[in-house]
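# Architecture and fold: a report
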Amino acid sequence: MKIASWNVNGIRARQEPLCAWIGRTRPDIVVLQEVKAAGPEIPAGVEGLDGYRKFWNGSTFRKGYSGVGLLLREGACPAEPGWEIPGFDVENRTVALHCGGFTLIGTYVPRGDGQEHYAVKLRYLEALREYIAGLLAAGREVVLAGDMNVALRDIDVHRSQNKPGAIGLRPEERAAIDAHLALGLRDVMRDLNPDRKGLFTWWPNWKSARERNLGWRIDCFYLSPKLAARVSGASVDLEERSSDHAPVILELRDE
């Protein structure tokens, strides 16, 4: 199984490159963040992608803001899939796919600008952790995929931006992600590249920031142990540059 996650930063602006990218890579599951469109506003080219079922948690909280989606290739799920927007969701940031014995959660974690929204971010991460803990307690395997808006370790952000107190680097944010990992989830991209510097997925809109690789690794896959043991690859598609985020791709071996 091939699972892709991509913050497209506006699905209407990214319709053509998104469709072309899916056509080239043919993931079994595509998790999208920051679609910035309500369900009826999803471009026809994306909604009509052949061979995929679609589920949207579109931008109803605020027009042109946030929003996530899931695309599931026909036949990729061994049973009839179940879709869910978890009850803790805020600002159209979460979607879940229940497929056979595992649940995939797509997330676009709040960035947390400003004191009030920063508190929303921390509450959201705790509610997400509790939701995952419940799934694991019920015996389900879990994939958490998406834009976490937290660089977990210093190695996950370029030194030029590793500034004390910066949003995305604060101790309580990192502790919230560590609490997810304490459930047994594995940060598989880092597991495969434990000492690799410059492994980034997002770059600021500064002049030449991407060309100089002045980035952050905030787009992640966190997997429960049995699924993590099946990982055959995890990569960042650095060739696709239509968004300020690069797609990340996870590959799982059959059991």
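Residues numbered from 1 in each chain as written. Predicted model: local features only at pLDDT ≥ 70, side-chain atom pairs only at ≥ 80, totals over all residues. Heavy atoms only, no water.

## A word on the packing of aromatic side chains
- As enumerated under the stated definition, the model contains 6 aromatic pairs in all.
- A centroid spacing of 5.4 Å and a plane angle of 55 degrees characterise the contact between Trp-6 and Trp-21, whose relative ring orientation is tilted. Of the two residues, Trp-6 is situated in strand 1 (residues 2-7) and Trp-21 in helix 1 (residues 15-25); the sequence distance between them amounts to 15 residues. Summarising the burial analysis for this pair, Trp-6 and Trp-21 share the class buried.
- Taking the centre distance of 5.4 Å and the plane angle of 55 degrees together, the rings of Phe-88 and Tyr-131 count as tilted. You can see Phe-88 sitting in the loop between strand 5 (82-84) and strand 6 (94-99) and its partner Tyr-131 sitting in helix 3 (residues 115-137), a full 43 residues away along the chain. (Phe/Tyr/Trp six-rings, centres within 6.5 Å; stacked < 30°, edge-to-face > 60°. Helix = DSSP H or I, 4+ residues; strand = E, 2+ residues; numbered from the N terminus. Buried < 20%, exposed > 50% of the residue type's maximum accessible area, 1.4 Å probe, protein only.)

## Some details on the sheet that holds strand 4 (residues 68-73)
- In space, the 6 strands of this open sheet follow the order 3-4-2-1-12-11, with mixed pairing throughout. Strand pairing shows two members of the sheet lacking a second neighbour, strand 3 (52-57) and strand 11 (231-236), which therefore form its edges. Direction aside, neighbouring strands of the sheet carry axes that sit 10 degrees apart on average.
- Bridging between strand 11 and strand 12 (residues 248-252) involves 5 bridges; their strand directions are antiparallel. In the strand pairing of strand 12, Gly-233 is matched with Glu-251.
- Along the sheet, helix 1 makes contact with strand 1, strand 2 (29-33), strand 3, strand 4 and strand 12, crossing strand 1 at roughly 160 degrees. (Pairing = 2+ DSSP bridges. Axes fitted to C-alpha atoms, helices over the stretch in contact; angles between N-to-C directions. Contact = heavy atoms within 4.5 Å.)

## Considerations on the pairing of strand 6
- Most of strand 6 is tucked away, with 5 of its 6 residues classed as buried.
- In terms of strand pairing, strand 5 meets strand 6 through 3 bridges, oriented antiparallel. Residue pairing in the sheet places Glu-84 in a bridge with Ala-96 of strand 6.
- Looking at chain direction, strand 6 and strand 7 (residues 102-108) are connected through 6 bridges and run antiparallel.

## Brief notes about the pattern of salt bridges
- All told, the structure shown has 17 salt bridges when counted by the stated rule.
- Measuring nitrogen to oxygen at the nearest pair gives 3.0 Å for the salt bridge that ties Arg-53 to Glu-80. Separated by 27 residues along the polypeptide, Arg-53 in strand 3 and Glu-80 in the loop between strand 4 and strand 5 bring together distant segments of the chain.
- Since its relative accessible area comes to 28%, Arg-53 is described here as partly exposed.
- Residue classification places Glu-80 among the exposed positions, given a relative accessible area of 60%.
- As a salt-bridge pair, Asp-156 and Arg-190 come within 2.6 Å of each other at their nearest N and O atoms. Pair noted here: Asp-156 is in the loop between strand 8 (141-147) and helix 4 (171-181) and Arg-190 is in helix 5 (residues 188-192), with a separation of 34 residues, a long-range link. (Salt bridge = Lys/Arg side-chain N within 4 Å of Asp/Glu carboxyl O.)

## Things to note about the sheet that holds strand 6
- With mixed pairing, 6 strands are arranged side by side in an open sheet as 5-6-7-8-10-9. Where the open sheet ends on each side, the last strands, each with one partner, are strand 5 and strand 9 (186-187).
- Pairing geometry for strand 9 and strand 10 (residues 219-223), over 2 bridges, is antiparallel. Its bridge partner being in strand 10, Asp-187 is matched across the sheet by Tyr-222.

## A few points about the environment of Val-188
- As for its placement among the helices and strands, Val-188 is situated in helix 5.
- For the pair Val-188 and Ala-228, spaced 40 residues apart in sequence, the C-alpha separation works out to 6.7 Å.
- Excluding its chain neighbours within four sequence positions, the residues that come into contact with Val-188 are Phe-221, Leu-223, Ala-228, Val-231 and Leu-250.

## What to know about helix 1
- Turning to helix 1, its buried residues number three or more, namely Leu-18, Cys-19, Trp-21, Ile-22 and Thr-25. In an axial view of helix 1, the angular spread of the buried residues amounts to 160 degrees, which keeps them on one side of the axis. Exposed side chains of helix 1 directed beyond 90 degrees from the buried face belong to Glu-16 and Arg-24.
- Contacts from the buried residues of helix 1 go to strand 1, strand 2, helix 2 (44-47), strand 3, strand 4 and strand 12. (Arc of directions from axis to C-beta.)

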